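Spelled out, the chains give:
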Amino acid sequence: MIEVSNVSKSFGKNAAVDNISFTVKKGEKLILLGVSGCGKTTTLKMLNKLIDVSSGTISIDGTDIQDQPAEKLRRNMGYVLQRNSLFPHFTVLENIAVVPNLLYWEKSRIDERAKVLLEKFHLPQERLLAYPKELSGGEAQRVNLARALAADPPILLMDEPFSALDTITRKAMRNEFVELGEFKEKTIVMVTHDVQEAFEIGDRICLMDGGKIIQIGTPKQLLFAPINDFVRDFLSNSYLQLLLTVTRCCDIWKFLDDNQQAANENDKAFSAEISVAAALERFKDKNDTDQKIRMRCLDSVKMLSVSDLLQGFANYKAKTDART
Amino acid sequence: MQEPDTFWEFVSGQWAKLGEQTLQHLGLTLFSLTIAVIVGVPLGIFIARNRKIAPSVLNITGILQTIPSMALLGFMIPLLGIGPKPAIFALFLYALLPIVRNTYIGITGVDADIKEAASGMGMTPAQSLFKVEIPLAFPVIMGGIRTATTINVGVATLAAYIAAGGLGEFIFGGISLNNTNMILAGAIPAALLAVLLDFLLAQLQKVNLAKVRKMLFAFPVALLVFSLIYAFRTAEDKRLLAGFTPEFMGRQDGFLGLQQKYGFDMRTVVIDDAMMYKALYEKKLDVISGYSTDGRIKAFDLVALTDDKHIFPPYYAAPVVREKILQKYPEVEDALNLLSGRINDSIMTELNYKADYLHQNPEAIAKEFLQSQKLWKAPRQNPKGKIVIGSKIFGEQYILSAMYAMLIKGYTNLDVATKTGLGGTKICFDALTNKQIDLYPEYTGTGFLVLLQPDEKTVNGLIKDKNAVYDFVSKEFRSRYGLKWLKPIGFNNAYVLMMRKKHAEELRVSTISDLLQLNHN
Ligand SMILES: Nc1ncnc2c1ncn2[C@@H]1O[C@H](COP(=O)(O)OP(=O)(O)OP(=O)(O)O)[C@@H](O)[C@H]1O
Ligand SMILES: [Mg+2]
């Protein structure tokens, strides 16, 4: 568990981070969100002592990080930089081996671990001997993530890990990453200025501005209970997309047309625990009105088209809005 | 010295010496380079970590590099003496800037994100330095080492000036003896050495430091071993030490004659004329070659050893005049001969001392001397003609030509123009035969050996006898060139060996034979 209390950081007179407090529970994914220059990177780097706090305390699992040697602390925290920062004179294998080597792992164990990671990140094994300059941007970023995960640290700090990629690769890698077993176990603090990304990945989102925390809460809390106009405005641009992201198919289940075609009970069905946005992504061609997917919520199974989902979502929205 | 016909003949004759000089050259270069790397790379890293002091450190190393090499070598004689030590120290100073600067640029040039990744992964500053920063900065650092190597191979030729050996001995010896083959025998290996070392270092520069750590440690170790061997080879020695100029070393009437006639076998180093008086004075040398009327004999309180076997040819100074002028103005001869017999070795040394060390004006010295001899007269009015006097480009010649000008103006109805500073012997002589000047002071030995260049038999037959040499040059100059040697002035500006006066007295040495006798005991 990470506890940040009353932390400030100023560079000269410029207060980059101004008296912030938050906690991240074990296994939780916290997103630091905000516009450029609001202090996200500074906050993140204070967690692994790349930047020293000006005031306040940070503790990890109950120990103040001031009382721990920086190197020891960092070897137990994966760190992914904002820009690609693989060591150019090391091969992929050597890059992945950096932290395990610092922890004196045996060579066979390191090799084994590197192989597993490459598989997880869908990279061919022969890439192990390649140098960073021989990799594409997407491959490099995968290696970058693999390197951070190499020694299986309980905590992962990520500074805009996908920002250097084009939108399509970025989305694909994000989904890939979220599906990873490694991802699910870890306590993650991730920086982004991409609202959509924050909503997809984060258990909670910490919205910052001018070095201060404006609001911290689950995506739903931010969307449905913004504490001020700043939060509202910040989310308004992609409001509908965010709404589809925070709403699960389960939530709108009873508003969905119960199509009787769901005959064969044994056919594979998607879980309705996914968001409406994610469900819509399952359709290869969103204009094809005949295409349907099977979805299961508890015991019930439905065959749903794009328009079924959108219709159901509209009805759900109208009903909930009427209630408030 | 007989000059071999071709470069290859010279090289094959001097093979052993060439090999030794090349090894010395390599040793000087690599030893100084190794120290420069050992000091420069950590210094560069240090200032990369402490950027505030970087500009001042780089400025200081930059200033060191702008000190002219000769001045730097001169400064170091009192501190480090002569030989390899000061040479290596000077080379070390010159190599420092490119190495420190490139290390600084290389280390600071490593991408900030990469450095952050290294510390973010949990590397200590030392781990980050050795695993990441140095390997990434390596090509830039090697670039600096390559620059330093090229500089050092070049500057190491100057080591010959301070008795540190190297290929400069051939180069500067060849220049002063006007022996092209000798110059090339030094210059070509020096150039090849520079190219070869640069090529080898370029190969090393391409290496990925993260891969071949072992090989890389082998490199400085090999350098160090080589350098140590070199250092031991030139270990200190307590015996008397002689220092001769490259020119003296190559001359029959110099070192070669000393060996043949005296069996000269003292420990000998090669050193530049500008450095050797100082080195002798500072007790870094015990015997040097020089000229008997040099003002520095007085300045440094030295004594010339008697040439008891007469190997150094006589160099009596006398005016050489075109006969046509003497026919036209016979009174000129009488005026010039007024100086004859007036100046002996010690007087000339004294006059040279005033010019070269006290930096008095040659004309003032000339006038003062003539007045003391009651020879000076005010110039006569209304001259009816004009005489042009030439001189070579050093103090003694300036003084003599000034005296002649005053004598002609005072004792004849002629005016005088002076063309001083006509470079060396050849330029003066050509000016005279081409009628651009009418007279200049020349030395019998120079006229004999340099201008007339008689065959070996004639040389050996006459060289011991000053009168025979004078008669020979007088006769030959008159018949060949229509030039007349007037009466000698009196002093003999010949080659001599000299020692510190006190030292010579302590050792009871007054002749060259005494010296060698002592050296054998
Ligand atoms: N080393 C530093 N020295 C001085 N000022 C700094 C330093 N690092 C950050 N700042 C300032 O602190 C503020 C916050 O910077 P920070 O890097 O945390 O922003 P960010 O939210 O990560 O922005 P971005 O999205 O552009 O990466 C900025 O005003 C920045 O100029
Ligand atoms: Mg940032």
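Fair warning: this is a prediction, and the values are worked out from it, not measured in the lab.

Cut-offs and rules
Residues numbered from 1 in each chain as written. Chains lettered and ligands numbered in written order. Predicted model: local features only at pLDDT ≥ 70, side-chain atom pairs only at ≥ 80, totals over all residues. Heavy atoms only, no water. Helix = DSSP H or I, 4+ residues; strand = E, 2+ residues; numbered from the N terminus. Buried < 20%, exposed > 50% of the residue type's maximum accessible area, 1.4 Å probe, protein only. UniProt positions renumbered as here; feature names shortened; annotations may be inferred. Domains from an automatic or database assignment. Contact = heavy atoms within 4.5 Å. Buried area = accessible area lost by both parts, 1.4 Å probe. Salt bridge = Lys/Arg side-chain N within 4 Å of Asp/Glu carboxyl O. Polar contact = N/O pair within 3.5 Å; in protein donor to acceptor, adjacent residues only side chain to side chain. Nonpolar A, V, L, I, M, F, W, Y, C, P; charged D, E, K, R; others polar. pLDDT = per-residue confidence, 0-100. Phe/Tyr/Trp six-rings, centres within 6.5 Å; stacked < 30°, edge-to-face > 60°. Lys NZ or Arg CZ within 6 Å of the ring centre and 35° of its normal.

> I tried to follow unusual backbone geometry on my own but got confused; where do I start?
Glycine aside, residues mostly have negative phi angles, and peptide bonds mostly take the trans form. Residue and element names in this part refer to chain A. In this structure, histidine 122 is a non-glycine residue whose phi angle is positive, near 55°. Position of histidine 122 relative to the elements: it lies in the loop between α5 (107-120) and α6 (137-149). One non-glycine residue, glutamate 160, adopts positive backbone phi at about 45°. Its place among the elements puts glutamate 160 in the loop between β7 (155-159) and α7 (167-179). The class of glutamate 160 is buried, set by a relative accessible area of 6%.

> Is there a simple way to think about the UniProt feature "transmembrane region" (unreviewed entry) in chain B in this case?
Residues and elements named next belong to chain B. UniProt feature "transmembrane region" (unreviewed entry): in the numbering of this structure it lies at residues 26-48, 60-81, 87-107, 151-176, 182-202 and 214-232. The span residues 26-48 is 100% helical and 0% strand by assignment, and the distance between its end C-alpha atoms comes to 31 Å. Segment residues 182-202 splits into 100% helix and 0% strand. End C-alpha atoms: 31 Å apart.

> Quick question: what am I supposed to make of the domain arrangement of chain A here?
Where interface size is given, it is often the accessible area lost as the parts come together that is meant. Residues and elements named next belong to chain A. Assigned domains within chain A: domain 1 (2-244) and domain 2 (248-322). Computed over C-alpha atoms only, the centres of domain 1 and domain 2 are separated by 33 Å. Contacts between domain 1 and domain 2 engage eight residues on the former and eight residues on the latter. Both faces combined, the contact of domain 1 with domain 2 buries some 600 Å², and carbon together with sulfur accounts for 60% of it. At the junction of domain 1 and domain 2, the tally comes to two salt bridges. Between lysine 220 and aspartate 251 there is a salt bridge, and its shortest N-O distance comes to 3.7 Å. The interface formed by domain 1 and domain 2 contains three residue pairs in polar contact (both at pLDDT 80 or more). Take the side of domain 1 that touches domain 2: its biggest share by element is five residues, from helix α12 (residues 239-246). Partitioning the side of domain 1 that touches domain 2 into residue classes produces four nonpolar, two polar and two charged.

> Could you clarify how one ought to interpret the confidence of the model for chain B in this entry?
Close reading of the predicted structure is inappropriate where its pLDDT is low. On average, residues of chain B score 87 in pLDDT, and 94% of them reach the 70 mark or higher. For this predicted complex, the interface confidence score (ipTM) comes to 0.87, while the overall pTM stands at 0.76.

> What is the right way to look at the packing of aromatic side chains in this model?
We describe a pair of aromatic rings using the distance from one ring centre to the other and the angle between the two ring planes. For the coordinates displayed, the defined rule picks out 25 aromatic pairs over all chains. A network of ring pairs unites the aromatic residues B:Phe244, B:Phe248, B:Phe255, B:Phe264, B:Tyr291, B:Phe312 and B:Tyr495 as a single cluster. The ring centre of A:Trp105 lies 3.6 Å from the NZ or CZ of A:Arg109, which sits over that ring. It is B:Lys367 that lies over the ring of B:Trp376; its NZ or CZ is 4.6 Å from the centre.

> Explain the UniProt feature "domain: ABC transporter" (unreviewed entry) in chain A here, please?
Look at the UniProt record and you will see "domain: ABC transporter" (unreviewed entry) annotated at residues 2-235 of chain A. Annotated as residues 2-235 of chain A, this span is 38% helix and 26% strand, and its ends, taken at the C-alpha atoms, are 27 Å apart.

> For this particular structure, what's the right way to read the environment of A:His122?
Relative accessible area serves as the criterion here: at 55%, A:His122 is assigned to the exposed category. Each C-alpha atom, one on A:His122 and one on A:Arg75, is 25 Å from the other, the two residues being 47 residues apart in sequence.

> Sorry if this is basic, but what is going on with the interface of chain A and chain B here?
Residue-level contacts link 22 residues of chain A with 20 residues of chain B. The junction of chain A with chain B conceals about 1,900 Å² of combined surface from both sides, 62% of it contributed by carbon and sulfur atoms. Ranking the residues of chain A by area buried against chain B places A:Phe87, A:His89 and A:Leu102 at the top, with a combined share of 29%. Remark: the boundary between chain A and chain B carries two salt bridges. A salt bridge links B:Asp113 to A:Arg83, with the nearest nitrogen and oxygen atoms 2.5 Å apart. Taken together, the connections running from chain A to chain B amount to seven residue pairs in polar contact (both at pLDDT 80 or more). Within the residue set of the side of chain A that touches chain B, elements represented by two or more residues are α2 (70-75) and α4 (98-102) of chain A. Residues belonging to the side of chain A that touches chain B are distributed by class as follows: 11 nonpolar, four polar and seven charged.

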